[in-house]
Amino acid sequence: MLTRIKKRIQSMLRKEAEIANEIGLTPNHLSIIGLLSGLFSGLLYWLAGVNRFNPAMSRVYLLAATIMLLISGFMDALDGALARIYGKASAKGGFLDSLIDRYVDSAVYIGIILGGLCDLLWGLLALIGSLLTSYVRARSEAEGVPMETIGLFERAERIIVIMVASLLNVFGMDIIRWGILLLAIATNLTVLQRTIFFFRKGSK
């Protein structure tokens, strides 16, 4: 649902894209920065979890994890804006961007799970649902059935849920586990929704 908003945000990032281009950054450079930020975010979530019996330290790690995830998401939007504005979009770049998104998603979920910030079962279901949501779209579009904007929870919605839940935890509310529970249900419903859409629109 928020994919349309992401495209609008990319159109608003012209100035930032110009600055990135002037200092010699390419979309792939931004993608790598986004990857490193996302992986670091996952590590910080894990540290927040293992330090959860020290609430003050745990909150510091949670806040840092949220900031790193925000930077990763910003880089994901900016690399698209840079590629579009300066005609640097390519199949290889798109492939790399999609691959990096999966690594970032996995790192964040694994950090939350291993840190004990959510129930193991719901964390695994959320991870599986998130990865399959992206897989179903890729597989569908390989068969010629566009899947962008189809589904309750695309990547942007998932990131927002995690960031909002994390910030609420920073302010003393134990919300992350409930955010992961929501994602475990919503992502797998999205997989089902996209599967039904494909069988209705796809060729035999």
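Right, let's walk through the structure included here. (Residues numbered from 1 in each chain as written. Predicted model: local features only at pLDDT ≥ 70, side-chain atom pairs only at ≥ 80, totals over all residues. Heavy atoms only, no water.)

## With respect to the pattern of salt bridges
Then step 1. Tallying each qualifying case throughout the model produces 10 salt bridges.
Then step 2. For aspartate 76, the salt bridge identified is with arginine 155, shortest N-O distance 3.4 Å. Taken together, the residues aspartate 76 in helix H4 (residues 55-85) and arginine 155 in helix H7 (residues 155-170) connect sequence positions 79 residues apart. Note on accessibility: aspartate 76 and arginine 155 belong to one class, buried. (Salt bridge = Lys/Arg side-chain N within 4 Å of Asp/Glu carboxyl O. Helix = DSSP H or I, 4+ residues; strand = E, 2+ residues; numbered from the N terminus. Buried < 20%, exposed > 50% of the residue type's maximum accessible area, 1.4 Å probe, protein only.)

## Observations concerning the layout of surface pockets
Then step 1. Volume-wise, the second largest pocket comes out at about 220 Å³.
Then step 2. Lining the second largest pocket, in full, are Arg52, Pro55, Ser58, Arg59, Leu62, Gly116, Leu117, Asn169, Gly172, Met173, Asp174 and Arg177.
Then step 3. The element that contributes the greatest number of residues to the lining of the second largest pocket is H4, accounting for four residues. (1 Å grid on protein atoms, 1.4 Å probe; cavity = no way out; pocket = protein on both sides within 12 Å on 5 of 7 lines; lining within 4 Å. Points joined across faces, edges and corners; volume = space filled by probe spheres on them.)

## What to know about the side chain of serine 58
Then step 1. Checked against the element boundaries, serine 58 lands in helix H4.
Then step 2. Of note is the side chain of serine 58, whose polar atom sits 2.8 Å from the backbone oxygen of alanine 48.
Then step 3. Among residues more than four places away in sequence, those in contact with serine 58 are Ala48, Asn51 and Arg52. (Polar contact = N/O pair within 3.5 Å; in protein donor to acceptor, adjacent residues only side chain to side chain. Contact = heavy atoms within 4.5 Å.)

## Observations regarding the packing of helix H3 (residues 27-50) against H4
Then step 1. Contact geometry for H3 and H4: axes closest at 8 Å, N-to-C directions at 165 degrees. Between H3 and H4, the interaxial angle falls into the category roughly antiparallel. Where H3 crosses over H4, the handedness of that crossing is left-handed.
Then step 2. Considering only residue class, the contact of H3 with H4 consists of 19 nonpolar, eight polar and one charged. (Axes fitted to C-alpha atoms, helices over the stretch in contact; angles between N-to-C directions. Parallel < 35°, antiparallel > 145°, perpendicular 65-115°, else oblique. Left-handed = near helix turned anticlockwise from the far one by under 90°. Nonpolar A, V, L, I, M, F, W, Y, C, P; charged D, E, K, R; others polar.)

## A closer look at the nonpolar core
Considering soluble globular proteins, one finds that nonpolar side chains tend to be buried as a cluster.
Then step 1. Within the largest apolar cluster, 30 residues are counted, with the highest numbers of intra-cluster contacts made by Tyr45, Leu69, Ile112, Ile162, Ile176, Ile180 and Leu183.
Then step 2. Of all elements in the fold, only H3, H4, helix H5 (91-114), helix H6 (120-142), H7 and helix H8 (176-201) reach the threshold of two or more residues within this core.
Then step 3. Ignoring anything within four residues of it in the chain, the contact list for leucine 183 reads Tyr109, Ala126, Phe153, Arg158, Val161, Ile162 and Asn188.
Then step 4. Leu13, Leu30, Met75 and Ala81 belong to the second largest nonpolar core, which has nine residues in total. (Core = buried A, V, L, I, M, F, W, Y, C linked by side-chain atoms within 4.5 Å.)

## Observations regarding the packing of aromatic side chains
Then step 1. One pass over the full model with this rule turns up one aromatic pair.
Then step 2. Relative to phenylalanine 199, the ring of phenylalanine 198 has its centre 5.8 Å away and its plane inclined at 85 degrees; by these criteria the two rings are edge-to-face.
Then step 3. On the basis of relative accessibility, which here comes to 22%, the residue phenylalanine 198 falls in the partly exposed class. (Phe/Tyr/Trp six-rings, centres within 6.5 Å; stacked < 30°, edge-to-face > 60°.)

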